[in-house]
Structure formats: C-alpha cells, structure tokens
Amino acid sequence: MQTIEIKAEQFFELLKLKDTSMWEIFSQMIDGNEKEIIFLDNNSKILFNYILPSTPEKLEEDRKEFSKQFSEKLAPFN
C-alpha cells in the first residue's frame, strides 16, 4: 500500500483557495489501489490518517459516512 503524507494546514488552505473539496481531490487520486493518506501538523506529527479506497463507489460511501458523523458531532452546537 502506498503511503502519502500531507501537511494538513497547507492542504486545507489549498482547498479553500481552489474552492474544491477534499473528496474531489481524493477522487482524482483513485487508481485501483488503496493508499494510506497521513495528515501531519506543521511539526510532522500525525494528526490522523485515511485509507483511500480503490474504487469511486467506496469513496462515495466513505464521504456519506463522514458527512453523517460530522453532522452528528455538530448537532449539539446548533
């Protein structure tokens, strides 16, 4: 499995500047092989990781699950 390290702060800044979502970027990275994406802070400490699936269908399932969990976590603040 290929490992890809991404500096989280720069990655999310770039997404903002390009007005795109991380899911769009992830979809462009799919090539039939799973990849481990490791998000790092500015000191190269691991913040979190994500296993990029090998198919667009599985990516869509992940996106839906992420959205659901994110909404549930934000619900108390609304």
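Residues numbered from 1 in each chain as written. Predicted model: local features only at pLDDT ≥ 70, side-chain atom pairs only at ≥ 80, totals over all residues. Heavy atoms only, no water.

Asker: Even after reading the chapter, I still don't get the sheet that holds strand S2 (residues 35-40), so can you show me in this structure?
Answerer: The strands that make up a sheet are held in pairs by hydrogen bonds between backbone atoms, and each pair lies either parallel or antiparallel. Read across the open sheet, the 3 strands follow the order S1-S2-S3; overall the sheet is mixed. Each having just a single partner strand, strand S1 (2-7) and strand S3 (46-52) make up the two edges of the open sheet. Neighbour-to-neighbour, the strand axes of this sheet turn through a mean angle of 20°, independent of strand direction. Pairing analysis gives 6 bridges linking S2 to S3, with the strands arranged antiparallel. Its bridge partner being in S3, Lys 35 is matched across the sheet by Leu 52. (Pairing = 2+ DSSP bridges. Helix = DSSP H or I, 4+ residues; strand = E, 2+ residues; numbered from the N terminus. Axes fitted to C-alpha atoms, helices over the stretch in contact; angles between N-to-C directions.)

Asker: Help me understand helix H1 (residues 8-18) in this model?
Answerer: Counting along an α-helix, one turn takes 3.6 residues, and residues three or four places apart therefore face a common direction. All of the buried residues in H1 are Ala 8, Phe 11 and Leu 15. All buried residues of H1 lie within an arc of 70° about the axis, which places them on one face of the element. Away from the buried face of H1 by more than 90 degrees, exposed residues Lys 16 and Leu 17 are located. Where H1 is buried, its residues touch S1, helix H2 (22-29), S2 and S3. Downstream of H1 by one or two residues, Asp 19 has phi in the positive range, about 50°. (Buried < 20%, exposed > 50% of the residue type's maximum accessible area, 1.4 Å probe, protein only. Arc of directions from axis to C-beta. Contact = heavy atoms within 4.5 Å.)

Asker: Hey, could you run me through the pattern of salt bridges in this one?
Answerer: Working definition: two side chains of opposite charge can pair if their charged atoms are close together. Counted according to the given criterion, the structure contains 4 salt bridges. The residue Lys 16 makes a salt bridge to Glu 13 at a minimum N-O spacing of 3.2 Å. Here Lys 16 pairs with Glu 13, and both are found in helix H1, just 3 residues apart, close to one helical turn. Measuring nitrogen to oxygen at the nearest pair gives 2.8 Å for the salt bridge that ties Lys 58 to Asp 62. Placement of the pair is Lys 58 and Asp 62 together in helix H3 (residues 56-74), with a separation of 4 residues, close to one helical turn. On the basis of relative accessible area, Lys 58 is assigned to the partly exposed category, the value being 36%. (Salt bridge = Lys/Arg side-chain N within 4 Å of Asp/Glu carboxyl O.)

Asker: I'm lost on the nonpolar core in this one. Help?
Answerer: If you look at the biggest cluster of nonpolar residues, it comprises 14 residues, and the most contacted ones within it are Phe 11, Phe 26, Ile 37, Phe 39, Tyr 50, Leu 52 and Leu 59. At the level of secondary structure, the elements contributing two or more residues to this core comprise S1, H1, H2, S2 and S3. Excluding anything up to four places from it in sequence, Leu 59 contacts Trp 23, Phe 26, Ser 27, Ile 30, Tyr 50, Leu 52 and Pro 53. (Core = buried A, V, L, I, M, F, W, Y, C linked by side-chain atoms within 4.5 Å.)

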